[in-house]
Amino acid sequence: MLADALEHLVRGIVEHPDDVSVRDKKLRRGSILEVRVHPSDLGKVIGRRGRTATAFRTVISALAGREEARIDFVDVDRSR
């Protein structure tokens, strides 16, 4: 559910929405949501001084409730 919500939010602000993918990795201390975007969209997703990324993290932590969730932003050129 969190991955789907984050993917919907990120697709709404990028220029290449087909390149957006969110992968949910379950760990002992919670989950990591790995967001992959087109290299030209990485700056847009992170935002000025990280404000957009912080907003994404705030929304997802509110949706997660007590569950621990962390978000990592990666461009699609890096190896999977």
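(A) Spotlight on the nonpolar core. By size, the foremost hydrophobic cluster in this structure holds 17 residues, and its most contacted members are Leu 6, Val 10, Leu 33, Val 35 and Ile 71. Mapped by element, the contributors of at least two residues to this core are α1 (2–11), β2 (30–37), α3 (51–64) and β3 (69–75).

(B) Geometry of the environment of Lys 44. Residue placement: Lys 44 occurs in helix α2 (residues 42–46). Taking C-alpha positions, Lys 44 is 6.9 Å from Val 14, a pair spaced 30 residues apart along the chain. Excluding anything up to four places from it in sequence, Lys 44 contacts Ile 13, Val 14, Glu 15 and Thr 52. In terms of polar contacts, Lys 44 uses its side chain to reach the side chain of Glu 15, at 3.4 Å.

Conventions and cut-offs
- Residues numbered from 1 in each chain as written.
- Predicted model: local features only at pLDDT ≥ 70, side-chain atom pairs only at ≥ 80, totals over all residues.
- Heavy atoms only, no water.
- Core = buried A, V, L, I, M, F, W, Y, C linked by side-chain atoms within 4.5 Å.
- Buried < 20%, exposed > 50% of the residue type's maximum accessible area, 1.4 Å probe, protein only.
- Helix = DSSP H or I, 4+ residues; strand = E, 2+ residues; numbered from the N terminus.
- Contact = heavy atoms within 4.5 Å.
- Polar contact = N/O pair within 3.5 Å; in protein donor to acceptor, adjacent residues only side chain to side chain.

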